[in-house]
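# Breakdown of the fold
The residues making up each chain are set out below.
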Amino acid sequence: MAWRIGIDIGGTFTDVALVDETSGRIGVAKAPTTPADFAKGVLAALDLAMRRYRVDAADTGLLSHATTIVTNALLEERGARAVLVATRGFRDVLELRRSSRADLYDLFQDAPKTLIPRRRRFEITERIGADGQVVTPLADAEIDGLIADIKAQDAEAIAVSLLFSFINPTHEQVLGQRLRAAFPGMPVYLSSEVLPEIREFERTSTTAVCAYVGPLLASYLERLETATRGLGLPRLYVMGSNGGVFEAAEGITMPAMAVESGPAAGVVAAALAARQTDRLNLLSFDMGGTTAKACLIRGGTYDTTPEYEVGGEASGNRWMHGTGHPIRVPVIDLAEVSAGGGSIAWVDRAGSLRVGPKSAGAEPGPVCYGRGGTQPTVTDCNLMLGYLDRGSLLAGDLPIDFAAAEHAITEKLAKPLGTDSRTAAAAVIDVVNHAMAEALKIVSVQRGHDPREFALFAFGGAGPLHAAALAAELGVADVICPPIPGAYSALGLVGSDLKRDYVRTLYMTTDKADPAAIEAAYRALEAQGSAMLDRAGIAPERRRFVRTVDARYERQSYELSVAVGEGPISTNAVAAMAEAFHDRHRQTYGHDNRAEPVQIVSLRVSAIGIIPPLAVRQETAAPGTQARKGRRPVWFRGNREVDAAIYDRARMPTGQEVVGPAVIEALESTILVPPDWQATMDALGFIQMRRHEPRS
Amino acid sequence: MQDRIAKPKAASAKTKAKQAKVPATKPVRLDPVDYAVISQALIAIAREMGTKLIRSSYSNIVREAQDASAALFDAQGNVVAQAELIPMHLGSMSEIFRACVEQCPIEKLEPGDFYINNDPYGGGQHLQDVFIFTPIFVENRLIAFAGTVAHHLDLGGGNPGMTPDAVDVHAEGLIIPPSRYTYERDWNGGNLERLVTANVRVPSQTIGDFYAQFAANAIGTARMIELSAKYGVPTVLAAMAELMSYSERRFRAALAAIPDGTWLAEDAVDDDGLTDQPLVVKAAVTKRGQSISVDFDGTCKQVGRNLNCPWASTVSATLAAIKAALTSPDIPFNEGFKRPVTVTAPRGTLVNPNYPAPVRARLLPAYRCFNAVLKALAQVVPEKVIAGGNDSTHALAISHLGERGYRVYLEIYGGGFGGGPRLDGCDAVDSPLSNCTNTPVEATDMDFEHFRVIGYGLIPDSAGHGRKRGGLGLFRRFLILKDGTNFATYTDRVRLAPYGLFGGTQGSRTRIEIERDGRIIKVKSKDRVDLRRGDVLTLYSSGGGGYGSADGRAPEAIARDVAEGYVSAKAAKAAYGWTGKA
């Protein structure tokens, strides 16, 4: 027996999910998250899980982890004392950003505080030209003085970002060598190593993020790995924002990769289910306490986007561009909205109903938890409508105060809106569903995909409650809810491949491109990937390299990424790149210009170490088990009260059908089956829901 | 030509921003949830149009600076929802639309038609901003319009990029009067496209940007058709009307909370480039009940150079100042927001000029309208305004005619914001009416061979002092690599520095210098210069004014400014009596 173990640290709970590689059997254990020292909570949950499922550490084949340390360090401004070295004349690039502000009419809105303040930013005389030639040689004589300046700052990490280093990295390399020699043991991040890509602000920002969070991430991962090794567990992998895992040591060389580790795990888990259930086209929908995440799975896989900002702010239901620190590393292309079970509903001064972006979080939590919450939340509204049990949740662990929830909804929502509490609660659910539907549309409709061709895959603690309504809103006919929806994300950690992305800017138009130069550049990137896979001990037959190219029309400035076919780059292959680009441009923007040459900007390679695929299953109840445990009234929009059957998920045998209106209750998640819907338990423990009466 | 002057109603001496409400064809009872959903969808559509316009455009002024905007309109041309990109474009899109309607009534439009307009004396702003409106038909019924505007890099005229010495609007480029055309026949290889192509210097970029505008309008159209299919046209129309009413209600409620009164203020553009006479803009802001009016009576006469502000630009700038100071940022900007506002100005003044006054640099007087209104409002809502900032677009056009044809680099720069009641002013950002994005140095250097950017940074000691200091100005430095390089510019705050408020001191002045053979050549605020290989051209933009007396500044804020090098120890000592160590 070989186990794979995934550890997902959430705001409230640390989840450990286990999978038995041979049978696919899954298990889950939870322990309270310990923000002061995450390793404590991790060890507690691991200990519980290993005892509960009698796991022998020696039988564990894979240990993987989703970390929030990078994102939190940025949000809480707890990063390292980093210094930055820039080309003479460009010390302030990091602070000048892109000069525009996020909110037009807000005279007071400003950019986030720079990660590396001005006093710790230095210049060195040197200049590479736009053609890669040295315009001004690196001033060797200044380096000793620079080292002295850095020493005086008591620095913990160094970032170096010189102009045009993505074409000619020699100045950065020479400087890097000298700095590494002068500061042994201190991390030195060179922009040409971190991100050899055009646009100085974004490259500098990515490098600065690495230096800012690198020391913290390194010490955290070292501590955690020491602890897990102490339990006899194997080496620790970390989930990257690109959906692949990487070795802890690799992450320290590129800490920006560890942003959005948690949401990425959820998407990977959904992709895993897509391949396992052979439903290759899914809309992944992961709804927790404060946010909901939407992602498109097509052909069993997901897309990544090269643009992302960490530590950004939300306004209404949108994350505002320009409020965070840009990083240019591939991040799974997901849309996140501040809409979750804890989102607070309120009526604004003009009498309009609003939901979020504020969340009651875990503390005080929804009003019905009775922990001091007074603002009605989405969870309170679900309770009001009968979708959640009025007595208790979490199998009796969480007593529910229905009267308090009803009072809050009446006073804070129904009275100002001039309606009754149930109508108000139903309106809240509709508004929050709409916001989440928008997120689902961003990843489907706005990318040119018809949601009706997808099944909705709903997980996260609150996902299955809202799934059917969202499906109806999008015209989706099928909904799938996996086993252990509340901890399902953690399974993504053990079901993904090893992956790291490499990029290099190479300017060439397709009509004048030199195929040999492109091939050589790709090979160089693949060599870096091979070295990484060597270090991870991945056998040659388990390696894969995926080439893509970022291209645009010559005078544009935003690239579209297109796949590059197999085989060495030839003249034909270059022509195929151009064709693929024209198609993608038309698909994205509605027009193309086939007469025009295509500008190649950057080449990308994803180096992948394939980890044998995983199929998960949860035992269903024995045939004939009685799953129905009662009935209660539930309300749907339009003040429709109906009598719904209540089922216990744990007692549902394979093939059991549930006809809506019904509610299926499980330990950490509830599924709502509205009228017109029907749910079936499959042999693997997935519940499939289908609308049996297509809307006219 | 005589009739040009009288024709456009939008430029009449007393224009009310008020417009008739949308007549609902069939009264529909609008479900509050449908409203919440559809109103968000309308805003999302406008944003998607804006994003796609910028991402698929060709010139650096649109793709990098993001000098473009997009909006959805109802069937009467009222703005319903907008992509919030450039405040300057957005306030006046319906005025520009209405000038088109006067040429071709809406009833005559057919699918495939579009309105186009860039005429400053036909409701437009300056020639470079070309507005295109596409009617949206659902089941053969015109239900809405999708509209976009982009600042086009070059539309002809006397000099590449801009013509500082233009004596009239004709010297500034191609005028496209408000008109109706048909896409398949007139664009898409048709005669209008050929006419525009023949009149611009870099058609490869300009025409591409036109196509991006049409494509963005097409996306808005497709999304509105989807929305109508789902909810039905009557419900969508009702939601559009309600979205405007919502903004109006929120704004009127905010107005009701402010005391009634009239407040006067003025600010000035340095000069017109011909004399040293400041061009004074005077505003009288009157708030009564739930309405507000701004009258620019007393503003100086129109001038002979390009600093005249067409009526649409004056309205936009005024609305932007009112929106920023008096409403919370979450109130959607649309026609409903405009209903409580009246803007008036005498004809023949700087802010309501008569044909054919040149208008290329209209943003500078527009900023002074913005400043005058904010300064007036400072008297009644001091906690909601900021001091004077850089508040200018410093436009730099560096062009060269070589073997490969014209190469035109045009970029605009901001500077420091004024300090505010609670925070220091933003350092080195674009100014509030334009909010443009900068072009990466690496992208600029890749694109142009006639110069290289050799410096870009903050200017220490450029901010005005006060309880909250102003934001710092910025410098941008270019090394000229080719003889025969042509430089044209308009800037401001070169003679008249950004003002402080409530005891705060003024910010630094803007300047442009050319270093040639060890000598410094001062460039005038509105100028054109032939550059040589080896010249070093530097723009230093203004820092913002301070807010409140310097006595009130927190010692730790002073210490931090000195430690970061934003303020020198010497300046900190002079302004705040600071004697500590950084």
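In what follows, the structure referred to is the one given above.
Predicted model only: the values in this text are computed from it and were never measured.

Once that is clear, we can look at the overall build of chain B. Secondary structure assignment for chain B yields 15 helices and 19 strands. Relative to a compact globule of 582 residues, whose C-alpha radius of gyration would be 25 Å, chain B shows 24 Å and is just as compact. For the C-alpha atoms alone, the extent of chain B along its principal axes is close to 70 × 60 × 45 Å. Out of the 582 residues belonging to chain B, those deemed buried represent 68%. Taking as baseline every contact in chain B between residues at least 6 positions apart, the subset at least 24 positions apart corresponds to 73%. For chain B, the exposed surface amounts to about 18600 Å²; the carbon and sulfur share of it is 52%. Both charge centroids of chain B, one from 66 positive and one from 62 negative side chains, sit 4 Å from each other.

Turning our attention to the nonpolar core. All names here are of chain B. Ranked by internal contacts, the top residues of the largest apolar core, which has 135 residues, are Leu42, Met224, Phe296 and Leu326. Per-element tally for this core: the top contributor is helix α12 (residues 363-378), with twelve residues. The contact partners of methionine 224, leaving out residues within four places of it in the chain, are Leu42, Ile45, Leu72, Ile136, Ile143, Ala144, Val236 and Met240.

The next thing to look at is the sheet that holds strand β7 (residues 261-269) of chain B. The strands making up a sheet are joined through hydrogen bonds of the backbone, oriented either antiparallel or parallel. Residue and element names in this part refer to chain B. The four strands lie next to each other as β7-β8-β9-β10, forming an open sheet whose pairing is mixed. Strand pairing shows two members of the sheet lacking a second neighbour, β7 and β10 (341-344), which therefore form its edges. Pairs of neighbouring strands in the sheet enclose a mean axial angle of 15°, with direction left out of account. Relative to β10, strand β9 (residues 291-295) is paired through four bridges, and the arrangement is parallel. Its bridge partner lying in β10, isoleucine 292 is registered against valine 341. Strands in contact with helix α9 (residues 233-256) are β8 (279-288), β9 and β10; relative to β9, the strand with the most contacts, it is inclined by about 80°. Here helix α10 (residues 311-326) sits on the sheet and contacts β9 and β10; the angle it forms with β10, its principal contact strand, is near 140°.

So, on to helix α9 (residues 261-277) of chain A. Residue and element names in this part refer to chain A. Here α9 is 17 residues long and its end C-alpha atoms lie 25 Å apart, about the 24 Å a rise of 1.5 Å per residue gives. Burial analysis of α9 places 16 of its 17 residues in the buried class, which makes it a mostly covered element. Backbone geometry just after α9 places aspartate 278 at a positive phi near 60°.

This part takes up the interface of chain B and chain A. Opposite the 87 residues of chain B that make contact, chain A presents 63 residues. Across the chain B-chain A interface, the total number found is five salt bridges. Counting every contact that joins chain B to chain A gives 23 residue pairs in polar contact (both at pLDDT 80 or more). Tallying contributions element by element places helix α2 (residues 32-55) of chain B first for the side of chain B that touches chain A, with twelve residues. A class-by-class count of the residues in the side of chain B that touches chain A yields 45 nonpolar, 14 polar and 28 charged.

Next up on the list: the side chain of serine 241 of chain A. All names here are of chain A. Along the chain, the position of serine 241 falls in the loop between β11 (236-239) and β12 (245-247). By relative accessible area, which is 2% here, serine 241 ends up buried. Discounting residues that sit within four places of it in the chain, serine 241 has contacts with Ala256, Met257, Val259, Glu260, Ala264, Val329, Pro330, Val331 and Ile332.

All names here are of chain A. For the structure on display, the rule yields 80 salt bridges over all chains. One salt bridge connects arginine 235 with glutamate 247, and the closest N-O pair in it is separated by 2.6 Å. Taken as a pair, arginine 235 in the loop between α7 (200-230) and β11 and glutamate 247 in strand β12 lie far apart in primary sequence, twelve residues in all. Relative accessible area serves as the criterion here: at 31%, arginine 235 is assigned to the partly exposed category. With a relative accessible area of 15%, glutamate 247 lands in the buried category. With its nearest N and O atoms 2.8 Å apart, the salt bridge here joins arginine 604 to aspartate 550. With arginine 604 in strand β32 (residues 598-609) and aspartate 550 in strand β30 (residues 543-553), the pair connects residues that are 54 residues apart, well separated along the chain. Here the two residues arginine 604 and aspartate 550 agree in accessibility, since each one is buried.

Residue and element names in this part refer to chain A. The contact between helix α15 (residues 515-535) and helix α16 (residues 571-589) brings their axes to 9 Å, and the two run at 80°. Of the possible angle classes, the one that applies to α15 and α16 is roughly perpendicular. Across from Pro515, Ile518 and Tyr522 in α15, the residues of α16 making contact are Thr571, Val574 and Met577. In terms of residue class, the contact of α15 with α16 is made up of five nonpolar, one polar and no charged.

Residue and element names in this part refer to chain A. Read across the sheet, four strands follow the order β33-β34-β36-β37 without closing on themselves; strand pairing throughout is mixed. Strands at the two margins of the open sheet, each flanked by one partner only, are β33 (628-636) and β37 (670-673). Geometrically, the sheet is characterised by an average inter-axis angle of 25° between neighbouring strands, direction not taken into account. Here strand β36 (residues 662-665) runs beside β37; their pairing, made up of four bridges, is antiparallel. Residue pairing for β37: isoleucine 664 is matched across the bridge by isoleucine 671.

Here is what the cut-offs are and how they apply
- Residues numbered from 1 in each chain as written.
- Chains lettered and ligands numbered in written order.
- Predicted model: local features only at pLDDT ≥ 70, side-chain atom pairs only at ≥ 80, totals over all residues.
- Heavy atoms only, no water.
- Helix = DSSP H or I, 4+ residues; strand = E, 2+ residues; numbered from the N terminus.
- Rg over C-alpha atoms; globule rule 2.2 N^0.38 Å.
- Buried < 20%, exposed > 50% of the residue type's maximum accessible area, 1.4 Å probe, protein only.
- Contact = heavy atoms within 4.5 Å.
- Areas by Shrake-Rupley, 256 points an atom, 1.4 Å probe, with all protein chains shown as cover.
- Lys, Arg positive; Asp, Glu negative; His and termini not counted.
- Charge placed at Lys NZ, Arg CZ, Asp CG, Glu CD.
- Core = buried A, V, L, I, M, F, W, Y, C linked by side-chain atoms within 4.5 Å.
- Pairing = 2+ DSSP bridges.
- Axes fitted to C-alpha atoms, helices over the stretch in contact; angles between N-to-C directions.
- Expected span 1.5 Å × (residues − 1).
- Salt bridge = Lys/Arg side-chain N within 4 Å of Asp/Glu carboxyl O.
- Polar contact = N/O pair within 3.5 Å; in protein donor to acceptor, adjacent residues only side chain to side chain.
- Nonpolar A, V, L, I, M, F, W, Y, C, P; charged D, E, K, R; others polar.
- Parallel < 35°, antiparallel > 145°, perpendicular 65-115°, else oblique.

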